[in-house]
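# Structural description and commentary
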Amino acid sequence: MWAQYKYSALPPTLEGSTPSQSTKSDASNSWLVWCCHIWMTCLSFLILLITLPISIWCFLKIVPDYERVVVFRLGRVRPPKGPGLVLLLPLIDHFQRIDMRTRAFSIHPCKVKSRDDVPVSVGADVQFRVCDPVLSVLSVQDLNFVIQNTAENLLAQSLGRKYLREIHGDRIRLAEHFKEDINEQVKPWGVCVEHVDLHMEAVLRPHEEHVNLLNTPQAVNPNGGFEQLIMQFVSMAKQASATDAKGLTVAVTDVSLHEMLSRLEGSLSESLVSEIRSSYQLYVIQNDGKRSACFLDLTSGAGLSGMGVLTSSPDVTLEITEADLLSLIRGDLNAMAAYTTGRLLVTGNLQTALRLEKVLQKMRS
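A few words now on the pairing of strand β11 (residues 304-307). Residues in a regular strand point their side chains to alternate faces of the sheet. Here strand β10 (residues 291-298) runs beside β11; their pairing, made up of 4 bridges, is antiparallel. When the bridges of β11 are listed, Leu296 appears paired with Ser305.

We now examine unusual backbone geometry. In this chain, Gly82 is followed by Pro83 through a cis amide linkage whose omega measures 0°. The backbone of Leu91 sits at a positive phi, close to 75°, despite the residue not being glycine. Tracing the backbone through its elements, the reader meets Leu91 in the loop between β4 (84-87) and β5 (93-99). Of note, Arg277 is a non-glycine position whose phi angle comes to about 55°, a positive value. Inspection of the secondary structure assignment puts Arg277 in the loop between α9 (270-276) and β9 (278-285).

Between side chains of opposite charge, a pair can form when the charged atoms approach closely. Applying the stated criterion across every chain yields a total of 7 salt bridges. A salt bridge links Asp93 to Arg73; the shortest N-O distance between them is 2.8 Å. Pair noted here: Asp93 is in strand β5 and Arg73 is in strand β2 (residues 67-73), with a separation of 20 residues, a long-range link. Accessibility expressed as a relative area gives 9% for Asp93, which makes it buried. For Arg343, the salt bridge goes to Asp324, with nearest N and O atoms at 2.6 Å. With Arg343 in the loop between α11 (335-340) and β13 (345-348) and Asp324 in helix α10 (residues 322-330), the pair connects residues that are 19 residues apart, well separated along the chain. Here Arg343 falls in the partly exposed class, since its relative accessible area comes to 38%.

This brings us to the nonpolar core. One finds Phe178, Leu198, Leu318 and Val359 to be the most contacted residues of the largest nonpolar core, which totals 70 residues. For Leu198, the contacting residues outside a window of four places in its chain are Gly123, Ala124, Leu155, Leu159, Arg171, Leu174, Ala175 and Phe178. If you look at the next biggest cluster of nonpolar residues, it comprises 5 residues, including Val63, Val69, Val86 and Leu88.

A sheet is described by the order of its strands in space; here 5 strands give the open sequence β11-β10-β9-β12-β13, paired in mixed fashion. Edge strands, defined here as strands with exactly one partner in the open sheet, are β11 and β13. Neighbouring strand axes in the sheet, compared pairwise and without regard to direction, differ in orientation by 15° on average. Bridging between β9 and strand β12 (residues 316-321) involves 6 bridges; their strand directions are parallel. Bridging across to β12, Ile285 finds its partner in Thr321.

Contact geometry of helix α4 (residues 143-159) with helix α6 (residues 171-186) gives a least axis separation of 10 Å together with a crossing angle of 135°. The orientation of α4 with respect to α6, classified from their angle, is oblique. Seen along the crossing, α4 lies across α6 with a hand that is right-handed. Only Leu174, Phe178, Asp181, Ile182, Gln185 and Val186 of α6 make contact with α4, whose side of the interface consists of Ile147, Thr150, Ala151, Leu154, Leu155, Ser158 and Leu159. Class assignment for the residues of the contact of α4 with α6 results in 9 nonpolar, 3 polar and 1 charged.

The rules behind these values
- Residues numbered from 1 in each chain as written.
- Predicted model: local features only at pLDDT ≥ 70, side-chain atom pairs only at ≥ 80, totals over all residues.
- Heavy atoms only, no water.
- Pairing = 2+ DSSP bridges.
- Helix = DSSP H or I, 4+ residues; strand = E, 2+ residues; numbered from the N terminus.
- Salt bridge = Lys/Arg side-chain N within 4 Å of Asp/Glu carboxyl O.
- Buried < 20%, exposed > 50% of the residue type's maximum accessible area, 1.4 Å probe, protein only.
- Core = buried A, V, L, I, M, F, W, Y, C linked by side-chain atoms within 4.5 Å.
- Contact = heavy atoms within 4.5 Å.
- Axes fitted to C-alpha atoms, helices over the stretch in contact; angles between N-to-C directions.
- Parallel < 35°, antiparallel > 145°, perpendicular 65-115°, else oblique.
- Left-handed = near helix turned anticlockwise from the far one by under 90°.
- Nonpolar A, V, L, I, M, F, W, Y, C, P; charged D, E, K, R; others polar.

Honestly, it's all geometry; don't read function into it.
As structure tokens, then:
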């Protein structure tokens, strides 16, 4: 493994033609350095022999199987040593232990903008180990910090070229590509990355409405009057919401596409238009395979919806099946989940397309 690396105490000569005088001077200097090196090495061996009982405890090191020792003799690096017994020369040898075991670090979830302009919070777990202890010592000072910083920058760059659907649905393949990118960067430092695991925390939305959910505290004594009254009230509320949801499901399921558009037009308002300011072209694939076109124009006035194609170019074009559209209106299917699973095809800005959820909320209300 170490045959490809050559460590020499002499500085490498520069390529190209040099004057003869300079060549002679370099040769004489190299000869003096070599003589000095031999003389100091012999002196160190002599000191080692004179202080032999004590020097064994001081300069004989035991290196475990998971470590290597990088020795600097008179400031020049030597091939790594270990495992087992390693003898160091007094005064001229300095050493550094390198752990060869696998290490790991986590990239905290950071905000990454995908290719379709959706901010996503993505983190990663990276496992790496040192392959060449000499390069790991000579190349960088703080190996863990440099690798972690490099991995964070590469994560933002590589995922910024991917669509949200790829990030969400093909994370295993993206993790393999990400591992190859990191290996290309850290290879000159004597490090190899063994495993990368990507995890997407959340899809961030800049204008997301935060809903505060009220948690019902657990009653300490269910036989008490006040606690029993609260539990009965919560039970009645759950039954009422379930009944309303069932009724809404039946009502929406029986609605045709034309009736759906008429209800949608009734829920439009100038405040909704001022909030969205976009036009949508929607293609609905019905159960018999027929493809129907309808539009929603929320750019001026109180908005407009109907069957057909927009006369002007729409901001976003959507394509979805009739069953999935009904699920979106009922609230059984989330728009982001439909997009990431391929059930909703979007052409245009994805953030503009996701604003349609506000229109669906108006229809449900």
